[in-house]
Number of protein chains: 2
Amino acid sequence: MAGTEIKLTEQRRVILEELRKVRTHPSADAVYDLVRKRLPRISLGTVYRNLEAMSERGMIRKLGGCQCQMRFDADVTNHYHVRCLKCGRVDDVAVETCEVLERALRERSDYAILGHHVEFIGFCPSCRCAGEDERSDQPEGAGER
Amino acid sequence: MAGTEIKLTEQRRVILEELRKVRTHPSADAVYDLVRKRLPRISLGTVYRNLEAMSERGMIRKLGGCQCQMRFDADVTNHYHVRCLKCGRVDDVAVETCEVLERALRERSDYAILGHHVEFIGFCPSCRCAGEDERSDQPEGAGER
DNA sequence: ACAACTAATAGGAATGATTACTATTCGCGG
DNA sequence: CCGCGAATAGTAATCATTCCTATTAGTTGT
Ligand SMILES: [Mn+2]
Ligand SMILES: [Mn+2]
Ligand SMILES: [Zn+2]
Ligand SMILES: [Zn+2]
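Note that the coordinates shown come from a computational prediction; the quantities given were computed from them, not determined experimentally.

Caption draft 1: The protein's contact with DNA strand D, seen in detail. Of all residues adjacent to DNA strand D, which total 15 residues, the nearest are T9, T46, R49 and M70 of chain A together with Y48 of chain B. One of the side-chain N or O atoms of R41 of chain A is found 3.2 Å from a phosphate oxygen in DNA strand D. S43 of chain A is positioned such that a nitrogen or oxygen atom in its backbone is 3.1 Å from a phosphate oxygen of DNA strand D. Those elements that provide at least two residues to the surface near DNA strand D are helix 1 (10–21) and helix 3 (44–56) of chain A together with helix 3 (44–56) of chain B. A per-element tally of the surface near DNA strand D places helix 3 of chain A first, with 3 residues. Here the surface near DNA strand D is composed, by residue class, of 6 nonpolar, 6 polar and 3 charged.

Below you can see the structure in the form of structure tokens.
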């Protein structure tokens, strides 16, 4: 239910406030630690559930768009990928890699940059068609894992 | 031990051959299923161990460079991130997002493209210094999870 | 062929992030 | 206060991945 309105409960409000305070891109359990200082009785499940609910609604971002399961590729040349949000299919894409991005960053960052990766997200040809049919009745949870 | 030479055992050879046959970017357990047709006694642990060993040596690629643990961000504006391979720290980067990539892909792909994400990888200022010190004695497993 | 030694494997247990489940609680209109 | 749907706390289950250990395969020297 990606577009549904959400009630701003105490727990959700505090999670959001704490996440807005930090610049560290915390993990779910790090958010849990922050929130627990103000709501000692909150449960980890509530943190996970609400982080998920809020990212579905675009109130926050979830990083590392890839699913948990790793994928492997015998092609070690530099190329980018596109992943289907619904079925998880991964394909190569036909855009050339963009080293200009890396050069630009090397000048502005204190990190020692080793590389970068780009992943497009969308719906593959078959899921795309399936989605257009059922768009009317089911808003589709976008397969977000 | 990223740069060490590797012996091409029967199991490794078959894993590599099967991975080279497909274009599907299979997961570890999908590789296991493929390999098991030829080596019915191979264990899942061996598949995981050797996929990891071969990707460390650049013989294959591991996709979804992000760790398993999700990170969250209250900043929902479009921006890219850089992740430290050693300590997992994630920072925002100061390069503007590259919509030209997405436009280019939309013309060439059958996917319905919804977006893309870019993640740079490298060493953060503190891990970078620490790494330079110990570079002599320990080759450093690059923190590859 | 045999012993000694090392690297790799099979199989199963352990781990850790995430999700599912369920009884209880909360908030709210009537 | 009552009834009811949404949300929560606490815990169990899931599932990809890693760890562990006894066994095996390969290698070198005799
Ligand atoms: Mn590929
Ligand atoms: Mn950010
Ligand atoms: Zn699909
Ligand atoms: Zn670091």
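Still more ground to cover, so stick around.
Caption draft 2: Quick peek at the coordination of the zinc ion (ligand 3). All names here are of chain A. C84 (SG), C87 (SG), C124 (SG) and C127 (SG) make up the full set of protein donors to the zinc ion (ligand 3), lying at 2.3 Å. Its 4 donor atoms give the zinc ion (ligand 3) angles of 104 to 115° at the centre, a pattern that matches the tetrahedral case. In the primary structure, the donors to the zinc ion (ligand 3) are separated according to the pattern C-x2-C-x36-C-x2-C. A residue pair is termed long-range when its members are at least 10 positions apart, and C87 in the loop between strand 3 (81–84) and strand 4 (90–92) and C127 in helix 5 (residues 125–134) qualify at 40 residues.

Caption draft 3: Expanded view of the sheet that holds strand 4 (residues 90–92) of chain B. Pairing is mixed in the open sheet, where 6 strands are placed in the order 4(A)-3(A)-5(A)-5(B)-3(B)-4(B). Looking at which strands have only one partner, the edges of the open sheet turn out to be strand 4 of chain A together with strand 4 of chain B. Strand-to-strand twist of the sheet, defined as the mean angle between neighbouring strand axes without regard to direction, takes the value 30°. Across 11 bridges, the pairing between strand 5 (residues 112–123) of chain A and strand 5 (residues 112–123) of chain B is antiparallel. Counted as the bridge partner of V118 of chain A is V118 of chain B from strand 5 of chain B. The strands touched by helix 4 (residues 99–108) of chain A are strand 5 of chain A together with strand 5 of chain B; relative to strand 5 of chain A, the strand with the most contacts, the crossing angle is about 135°.

Caption draft 4: Structural context of the coordination of the zinc ion (ligand 4). Residues and elements named next belong to chain B. All of the protein donors around the zinc ion (ligand 4) are C84 (SG), C87 (SG), C124 (SG) and C127 (SG); their distances to the metal are 2.3 Å. Each donor residue of the zinc ion (ligand 4) lies on one chain, and together they are spaced C-x2-C-x36-C-x2-C. You can call C127 buried: its relative accessible area is 10%.

Caption draft 5: How the structure looks around the environment of R61 of chain A. Secondary-structure assignment places R61 of chain A in strand 1 (residues 61–63). The contact partners of R61 of chain A, leaving out residues within four places of it in the chain, are R71, F72, D73, D75, V76, T77, N78, H79 and H81 of chain B. Looking at R61 of chain A, its side chain comes within polar contact range of the main-chain oxygen of T77 of chain B, at 3.1 Å. Within the structure, R61 of chain A has its side chain in polar contact with the side chain of H79 of chain B (distance 3.1 Å).

Caption draft 6: Geometry of unusual backbone geometry. Residue and element names in this part refer to chain A. The backbone of H25 sits at a positive phi, close to 50°, despite the residue not being glycine. Assignment of secondary structure puts H25 in the loop between helix 1 and helix 2 (28–36). In this structure H25 comes out as buried when scored by relative accessible area, which is 3%.

Caption draft 7: Spotlight on the nonpolar core. Membership of the largest hydrophobic core comes to 34 residues, with the highest contact counts inside it found for Y80, V95 and F120 of chain A together with Y80, V95 and F120 of chain B. Those elements that place two or more of their residues in this core are strand 3, helix 4 and strand 5 of chain A together with strand 3 (81–84), helix 4 (99–108) and strand 5 of chain B. For Y80 of chain A, the contacting residues outside a window of four places in its chain are D91, D92, V93, V95, E96, T97, C98, H116, V118 and F120 of chain A together with L101 of chain B. If you look at the next biggest cluster of nonpolar residues, it comprises 19 residues, including F72 of chain A together with I6, Y32 and L51 of chain B.

Caption draft 8: View of helix 2 of chain A. Among the residues making up helix 2 of chain A, those that are buried are A28, V31, Y32 and V35 of chain A. Along the axis of helix 2 of chain A, the buried residues cluster in a sector spanning 105°; they form a single face. Elements that come into contact with the buried residues of helix 2 of chain A comprise helix 1 and helix 3 of chain A together with strand 2 (71–73) of chain B.

Caption draft 9: View of the pattern of salt bridges. Scanning all chains against the criterion turns up 26 salt bridges over all chains. The salt bridge involving K62 of chain A is made with E52 of chain A; its shortest N-O contact spans 2.7 Å. Taken together, the positions of K62 of chain A in strand 1 and E52 of chain A in helix 3 put the pair 10 residues apart, joining distant regions of the chain. Its relative accessible area of 23% is what places K62 of chain A among the partly exposed residues. With relative accessibility at 23%, the residue E52 of chain A sits in the partly exposed group. Across the pair E18 of chain B and K21 of chain B runs a salt bridge, and its minimum N-O distance is 2.9 Å.

Criteria and cut-off values
- Residues numbered from 1 in each chain as written.
- Chains lettered and ligands numbered in written order.
- Predicted model: local features only at pLDDT ≥ 70, side-chain atom pairs only at ≥ 80, totals over all residues.
- Heavy atoms only, no water.
- Near = heavy atom within 4 Å.
- Polar contact = N/O pair within 3.5 Å; in protein donor to acceptor, adjacent residues only side chain to side chain.
- Helix = DSSP H or I, 4+ residues; strand = E, 2+ residues; numbered from the N terminus.
- Nonpolar A, V, L, I, M, F, W, Y, C, P; charged D, E, K, R; others polar.
- Donors = N, O, S within 2.8 Å, 3.2 Å for Na, K, Ca; no water.
- Tetrahedral: all angles 85-135°; square planar, octahedral: opposite > 155°, others 65-115°.
- Pairing = 2+ DSSP bridges.
- Axes fitted to C-alpha atoms, helices over the stretch in contact; angles between N-to-C directions.
- Contact = heavy atoms within 4.5 Å.
- Buried < 20%, exposed > 50% of the residue type's maximum accessible area, 1.4 Å probe, protein only.
- Core = buried A, V, L, I, M, F, W, Y, C linked by side-chain atoms within 4.5 Å.
- Arc of directions from axis to C-beta.
- Salt bridge = Lys/Arg side-chain N within 4 Å of Asp/Glu carboxyl O.

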